[in-house]
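Observations on chain architecture
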Amino acid sequence: MLIMSSDVRKGLEGVVVDETAIAKTDIHSLTYRGYPVQELAQHCSFEEVAYLIWNGDLPTTEQLEEFTQEEIEQREISEQLISVIRSFPHTAHPMDTLRTAVSHLGMEALDVMDNSPTANRNKAVRLLAQIPTIAAADYRYRQGLERIPPSAELSFSANFFNMCFGQIPSQEVLDCFEVAFILYAEHGFNSSTFTARIVASTLSDMYSAVTAAIGSLKGSLHGGANAGVMRMLLEIGKPELAQSWVDSALAAKRKIMGFGHRVYKRGDPRVPIMHAAHNEMARSSGDHQWLDIQEIVTRTMWERRRMYPNIDYEAGPTYYLMGFDIAIFGPLFVMSRMVGLTAHFTEQMAFNRMIRPISSYVGPTQRALTDRTKSRALNVL
Ligand code: COA
């Protein structure tokens with residue numbers, strides 16, 4: 001087969017690798033199972049959206065009740081895993097601790113290699129329920145605090161805040177958190193989801209796929225961007241320094257975190273609603289400084305590069321205003337995206353063909369091994 005360099009689609013840009021019925025990403029739109037993500041974020045809870053993504057339709061009241069109960073019952077993690085998390089170096093990257101903890105969950109799971117739809121659905125619920133418990137425990141151990149066990153009385157979001165801070169914030173804060181989680185829940189064949197699908201395609205297991213996906217999400221061009229945005233805002237510090245900061249960064253050929261997107265060439269459809277959540281957090285906390293800096297960064301990026309911000313640009317400061325430190329931004333991304341990752345794992349398993357692309361070889365042309373005198377005594381036919 002003759003493969004030319006001109007056949008290469010670097011970064012797989014524009015390559016259609018498979019079909020999916022989960023989400024549709026277009027130049028300026030995103031739907032989950034046919035529903036615009038903005039409408040879901042306005043009207044639904046995170047649990048309802050998780051049910052929709054996994055099952056194809058929104059739940060009835062009874063189905064939601066049953067699903068919520070199932071998630072609540074799976075929240076606690078083993079004593080052994082708790083002591084493993086406690087033993088992690090406090091200097092470790094939070095995505096590394098989460099990746100290792102998820103790998104540990106896989107070692108504990110007796111159904112790890114059962115890839116039946118029922119077993120995979122059970123594993124998905126466990127991952128959705130237990131990853132927040134892991135992330136919150138790690139968050140507190142890092143600060144020298146004891147962990148707070150999950151509560152069976154609280155919603156997914158309220159329970160997470162309680163496990164991190166020992167208190168539940170106002171309904172406004174919980175609403176903004178759910179908006180972010182719904183907007184992040186699923187995103188088609190993005191890098192980490194595709195990573196998970198590649199692992200699924202070899203008939204491996206869900207924990208391995210999620211572990212690999214966390215490794216992919218850690219990167220600053222993907223899940224690490226929300227943390228990168230917040231670091232940038234802290235570095236800029238004041239609105240009056242924003243324009244010159246952007247100009248210097250662009251002159252140094254640095255990428256500005258939170259700008260650009262492979263698919264959304266006319267702007268990220270999740271941004272207006274995430275911006276509204278950021279506004280709400282600024283209003284309720286009385287802290288407008290990040291909005292003020294961002295106004296100038298956004299204008300400068302448009303004037304210099306005609307680039308639009310993406311969801312991470314708004315989510316970073318929104319999480320910060322909720323009281324989270326930057327270390328937990330990556331795990332927050334994992335917690336929300338667990339819905340989409342596990343849905344894609346299941347879809348890949350249902351219509352599997354092993355993913356194995358080819359490459360255009362640019363190394364030395366074929367040559368002979370002429371300088372060897374010794375040879376193995378193999379009878380090659
Ligand atoms: N800041 C400055 N320039 C940027 C940029 C950014 N955030 N994003 C893209 N560009 C520039 C590139 O330097 C490149 O310029 P060139 O053609 O002069 O070399 C051009 O725009 C195309 O960028 P490219 O990296 O090839 O686009 P992509 O589709 O491969 O990448 C991203 C998409 C998201 C990886 C990229 O926009 C990026 O790195 N953004 C910052 C990280 C981020 O916010 N990630 C979260 C995504 S949701």
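Small disclaimer: the values here were computed from a predicted structure and weren't measured.

1. Some remarks on the overall build of the protein chain
The number of helices and strands found in the protein chain is 16 helices and 3 strands. Taken against the 2.2 N^0.38 rule, which gives 21 Å for 381 residues, the C-alpha radius of gyration of the protein chain at 23 Å falls within 12% of a compact globule. Based on the C-alpha atoms only, the size of the protein chain along its principal axes is roughly 80 × 55 × 45 Å. For the protein chain, the proportion of its 381 residues judged to be buried stands at 50%. Counting every atom, the protein chain has about 19,300 Å² of accessible surface; 53% of that belongs to carbon and sulfur. For the protein chain, the separation between the mean place of its 36 positive charges and that of its 43 negative charges on side chains is 13 Å.

2. Comments concerning the pattern of salt bridges
Counted according to the given criterion, the structure contains 16 salt bridges. Between Arg147 and Glu76 there is a salt bridge, with its nearest N and O atoms 2.7 Å apart. Here the residue Arg147 occupies a position in the loop between helix 6 (117-142) and helix 7 (156-165), and Glu76 occupies one in the loop between helix 3 (61-73) and helix 4 (79-87), the gap between them amounting to 71 residues. When its relative accessible area of 36% is taken as the criterion, Glu76 is described as partly exposed. Each member of the salt-bridge network shares a partner with another, and the members are Asp18, Arg197 and Glu347.

3. Description of the environment of Pro357
With respect to the element layout, Pro357 can be found in the segment after helix 16 (329-350). The exposure class of Pro357 is exposed, given its relative accessible area of 58%. Sequence separation of Pro357 and Val17 is 340 residues, and the distance between their C-alpha atoms is 9.6 Å.

4. Structural notes on the site of the ligand
In the region of the ligand, 16 residues are neighbours, and Lys255, Ile256, Gly258, Phe259 and Arg262 sit closest. The contact in question runs from an oxygen atom of the ligand to an N or O atom on the side chain of Lys255, over 2.6 Å. For the ligand, a nitrogen atom lies 2.8 Å from a polar atom in the backbone of Phe259. Starting from 850 Å² of accessible surface for the ligand in isolation, the protein chains cover 62%. Residues belonging to the shell around the ligand are distributed by class as follows: 8 nonpolar, 4 polar and 4 charged.

5. Focus on the nonpolar core
Counting 114 residues, the largest nonpolar core has Tyr32, Phe160, Val297, Tyr319, Phe324 and Leu332 as its most contacted members. Among all residues touching Leu332, those that are not within four sequence positions of it are Phe160, Phe177, Phe181, Tyr319 and Phe324.

6. A look at the packing of aromatic side chains
Scanning all chains against the criterion turns up 22 aromatic pairs. Taken together, a centroid distance of 4.9 Å and an interplanar angle of 70° make the contact between Phe161 and Phe177 edge-to-face. Taken as a pair, Phe161 in helix 7 and Phe177 in helix 8 (residues 171-184) lie far apart in primary sequence, 16 residues in all. Judged by centre distance (5.2 Å) and plane angle (45°), the rings of Phe161 and Phe324 are tilted. Of the two residues, Phe161 is situated in helix 7 and Phe324 in the loop between helix 15 (311-321) and helix 16; the sequence distance between them amounts to 163 residues.

7. Observations regarding unusual backbone geometry
Positive phi is not limited to glycine here, since Leu12 has a value of about 55°. Take Leu12: its relative accessible area is 41%, and that puts it in the partly exposed class. Despite not being glycine, Arg306 shows a phi value in the positive range, around 55°. In this fold, Arg306 is placed in the loop between helix 14 (289-305) and helix 15. With relative accessibility at 53%, the residue Arg306 sits in the exposed group.

Rules and cut-offs
- Residues numbered from 1 in each chain as written.
- Predicted model: local features only at pLDDT ≥ 70, side-chain atom pairs only at ≥ 80, totals over all residues.
- Heavy atoms only, no water.
- Helix = DSSP H or I, 4+ residues; strand = E, 2+ residues; numbered from the N terminus.
- Rg over C-alpha atoms; globule rule 2.2 N^0.38 Å.
- Buried < 20%, exposed > 50% of the residue type's maximum accessible area, 1.4 Å probe, protein only.
- Areas by Shrake-Rupley, 256 points an atom, 1.4 Å probe, with all protein chains shown as cover.
- Lys, Arg positive; Asp, Glu negative; His and termini not counted.
- Charge placed at Lys NZ, Arg CZ, Asp CG, Glu CD.
- Salt bridge = Lys/Arg side-chain N within 4 Å of Asp/Glu carboxyl O.
- Near = heavy atom within 4 Å.
- Polar contact = N/O pair within 3.5 Å; in protein donor to acceptor, adjacent residues only side chain to side chain.
- Nonpolar A, V, L, I, M, F, W, Y, C, P; charged D, E, K, R; others polar.
- Core = buried A, V, L, I, M, F, W, Y, C linked by side-chain atoms within 4.5 Å.
- Contact = heavy atoms within 4.5 Å.
- Phe/Tyr/Trp six-rings, centres within 6.5 Å; stacked < 30°, edge-to-face > 60°.

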